[in-house]
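# Architecture and fold: a report
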Amino acid sequence: MVEMSLEMKEKRDHLLRESAKKIASTKVAKRAAEIDAEGVFPRDIAELFFQQGFLSVMLSEEYGGMDGDITAFCIIAEEIAYACGSSSLMILAHSVGLMPLMMGGNDEQKKRFYERVAKDHALAAFALTEPEAGSDAASLKTTAVLEGDHYILNGSKCFVTNGGAADLYAVFVTTRPGERTKGISVFMVEKDTQGVTIGKREEKLGMRGSDTTDLIFENAVVPKENLVGAEGGGWELAMMTLNLSRPAIGAQAVGIAQGALDFAIDYADKRIQFGQKLADFQGVQFMLADMAMQVEAARAVVYKAATLLDQKVYERDRMSAIGVDKLSAMAKCFASDAAMRVTVDAVQILGGYGYLKDYPVERMMRDAKVTQIFEGSNQVQRVIIARNLLRRA
Ligand SMILES: Cc1cc2nc3c(=O)[nH]c(=O)nc-3n(C[C@H](O)[C@H](O)[C@H](O)COP(=O)(O)OP(=O)(O)OC[C@H]3O[C@@H](n4cnc5c(N)ncnc54)[C@H](O)[C@@H]3O)c2cc1C
């Protein structure tokens, strides 16, 4: 990969932000309410994102990608989330699904799966959570047993974002049951694999156009060439993936919050009560000022974490040495808590109209909620931060 100067990177990031903003405002924004109301995965938007290169960030440059540049990933997530949370979540889950491969895959695997993404527009997903293994992901029960040239997978995953729409899944299993983190391995599994079925599609509070499903493995036959990294190396790849992706969840939260704030500002500047604009009441001005401070502070920590990760500090030892895992957790946790507060306040500023589906802020509030839950709940992020502060393994 050619090293980019700081100036070139800033220019690239600026152009990327402008292009994501344009796609968000001209194409995605007008579909957002419909996507939410129908609760159907927007395939037209997925195709648009493939064409724009928004789903190639994790690919190496020879496939038109950005070699996993986290700042670029955050910019796209933020700008698309400004218009539509569900659409940005599609990008997040796809990129997160490719991260174990990006960090742990061999050249043959990267070529094979990157080609599927670049040429066939294959969508990816990340399957870690199980019904009995949420925050305690290391207790997962899905097994993989080597039989000749294949592993046989049995078990089920839940809450898989892009579940039914994806073509490729990064699936975390145990190859040594009972050994928790030491027994976890990760496979790239293709959708049409014998023994793999898509299970229940969830009805959700928010992110309603995101496809959230179960994924079931019944004697699923996966070639041993699809094992990413070493047997037992899956936990480390999962943790490295989450460290890389959490700033992008934070960026998504920033985008949602900025969307709600901007809408509330416009509304307050137009709505007249007591013979004056809402925006002329100091009580409303103070709310807007607090909302704006939270959005800016969240954006700052998100891009600080992203910048550190882009210095390729995500090799495990260096990552904990400089506290990137702490900063990554802070970015996700702070930004998602901010987004929840800001979107609730945006609804408040619109009064009764904020509670109606005629206006986008109630959707933004519902979409913001899950950013506090997935990719490790915000309680789990606080555990990571505190552990780091207290220097415990
Ligand atoms: C819309 C959506 C999309 C998702 N997408 C994906 C995906 O693509 N891939 C995937 O693998 N997973 C996905 N998830 C799953 C998500 O990551 C989990 O829901 C999350 O990690 C929490 O697990 P849980 O739901 O089992 O909650 P639990 O682990 O049961 O936690 C319940 C509550 O207890 C708290 N809690 C748990 N442990 C502790 C602790 N040690 N200290 C303090 N509090 C604690 C939690 O913070 C939470 O408030 C998704 C979830 C949702 C809702």
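Residues numbered from 1 in each chain as written. Predicted model: local features only at pLDDT ≥ 70, side-chain atom pairs only at ≥ 80, totals over all residues. Heavy atoms only, no water.

With that settled, consider the overall build of the protein. Looking only at helices and strands, one finds eleven helices and ten strands in the protein. The C-alpha radius of gyration of the protein comes to 21 Å, within 12% of the 21 Å expected for a compact globule of 393 residues. Of all 393 residues assigned to the protein, the portion counted as buried reaches 56%. Considering only intrachain contacts with a sequence separation of at least 6, the fraction spanning at least 24 residues in the protein is 74%. (Helix = DSSP H or I, 4+ residues; strand = E, 2+ residues; numbered from the N terminus. Rg over C-alpha atoms; globule rule 2.2 N^0.38 Å. Buried < 20%, exposed > 50% of the residue type's maximum accessible area, 1.4 Å probe, protein only. Contact = heavy atoms within 4.5 Å.)

Once that is clear, we can look at the site of the ligand. Around the ligand there are 14 residues in total, and Thr129, Ser135, Phe159, Ser377 and Gln379 lie nearest to it. Ser135 is positioned such that a nitrogen or oxygen atom in its side chain is 2.6 Å from an oxygen atom of the ligand. Contacts to the ligand include Phe159, whose backbone N or O atom sits 2.9 Å from a nitrogen atom. Burial of the ligand by the surrounding chains reaches 63%, relative to a free accessible area of 970 Å². Of the residues assigned to the shell around the ligand, the class counts are six nonpolar, six polar and two charged. Lining the shell around the ligand are residues from two domains, each supplying at least three of them: domain 2 (125-228) and domain 3 (234-389). (Near = heavy atom within 4 Å. Polar contact = N/O pair within 3.5 Å; in protein donor to acceptor, adjacent residues only side chain to side chain. Areas by Shrake-Rupley, 256 points an atom, 1.4 Å probe, with all protein chains shown as cover. Nonpolar A, V, L, I, M, F, W, Y, C, P; charged D, E, K, R; others polar. Domains from an automatic or database assignment.)

Quick look at the packing of helix α1 (residues 6-38) against helix α2 (residues 43-52) now. The contact between α1 and α2 brings their axes to 11 Å, and the two run at 160 degrees. With respect to α2, the axis of α1 lies roughly antiparallel. The way α1 lies across α2 gives a crossing that is left-handed. The segment α1 lies against α2, with Ile23, Lys27, Val28, Arg31 and Ile35 engaging Asp44, Ile45, Leu48, Phe49 and Gln52. Classifying every residue of the contact of α1 with α2 by side-chain character gives six nonpolar, one polar and three charged. (Axes fitted to C-alpha atoms, helices over the stretch in contact; angles between N-to-C directions. Parallel < 35°, antiparallel > 145°, perpendicular 65-115°, else oblique. Left-handed = near helix turned anticlockwise from the far one by under 90°.)

Position of Glu362 among the secondary structure elements: in helix α10 (residues 361-371). In this structure the side chain of Glu362 is engaged in a polar contact, spanning 2.8 Å, whose partner is the side chain of Arg366. Setting aside residues up to four positions removed in sequence, Glu362 forms contacts with Val347, Gly354, Tyr355, Leu356 and Lys357.

Enumeration according to the criterion identifies eight aromatic pairs in this entry. For the ring pair Tyr63 and Tyr114, a centre distance of 5.8 Å and an interplane angle of 75 degrees mean the geometry is edge-to-face. Separated by 51 residues along the polypeptide, Tyr63 in the loop between α2 and α3 (70-83) and Tyr114 in helix α5 (residues 107-120) bring together distant segments of the chain. Residues Tyr63 and Tyr114 agree in their burial class; the two are buried. Ring geometry for Phe263 and Tyr359: centres 6.1 Å apart, planes at 70 degrees, overall edge-to-face. Of the two residues, Phe263 sits in helix α6 (residues 234-268) while Tyr359 sits in the loop between α9 (324-349) and α10, which places them 96 residues apart along the sequence. By relative accessible area, Phe263 is classed as partly exposed at 27%. Judged by relative accessible area, Tyr359 falls into the partly exposed class, the value being 26%. (Phe/Tyr/Trp six-rings, centres within 6.5 Å; stacked < 30°, edge-to-face > 60°.)

We now examine the nonpolar core. Judged by nonpolar contacts, the single largest core of 109 residues is most densely connected at Phe49, Ile70 and Phe73. Filtering out sequence-adjacent residues up to four positions away, Phe73 remains in contact with Val57, Met58, Ile91, Leu92, Ser95, Met99, Ser245 and Ala248. Within the second largest apolar cluster, 18 residues are counted, among which are Tyr151, Ala166, Val189 and Val196. (Core = buried A, V, L, I, M, F, W, Y, C linked by side-chain atoms within 4.5 Å.)

Viewed as axis vectors pointing N to C, α9 and α10 meet at an angle of 155 degrees, and their least axial separation amounts to 8 Å. Here α9 lies roughly antiparallel to α10, going by the angle between them. In this structure, the crossing between α9 and α10 has a hand that is left-handed. From α9, Lys332, Ser336, Ala339, Met340, Thr343, Val344, Ala346 and Val347 reach across to α10, where they touch Val361, Glu362, Met364, Met365, Ala368, Lys369 and Thr371. Partitioned by chemical class, the residues of the contact of α9 with α10 number nine nonpolar, three polar and three charged.

Segmentation of the protein into domains returns domain 1 (6-122), domain 2 (125-228) and domain 3 (234-389). Taking only C-alpha atoms, the centre of domain 1 and the centre of domain 2 are 22 Å apart. Each partner contributes to the interface: domain 1 provides 28 residues, whereas domain 2 provides 23 residues. Carbon and sulfur atoms supply 59% of the area buried between domain 1 and domain 2, which totals about 2,000 Å² over both sides. Joining domain 1 to domain 2, the criterion identifies one salt bridge. Across the pair Arg116 and Glu190 runs a salt bridge whose closest N-O atoms are separated by 3.1 Å. Sorting the residues of the side of domain 1 that touches domain 2 by element identifies α1, α4 (85-104) and α5 as the ones contributing at least two each. When residues of the side of domain 1 that touches domain 2 are assigned to their parent elements, the largest contribution, twelve residues, is made by α4. Residues that form the side of domain 1 that touches domain 2 fall into these classes: 15 nonpolar, nine polar and four charged. (Buried area = accessible area lost by both parts, 1.4 Å probe. Salt bridge = Lys/Arg side-chain N within 4 Å of Asp/Glu carboxyl O.)

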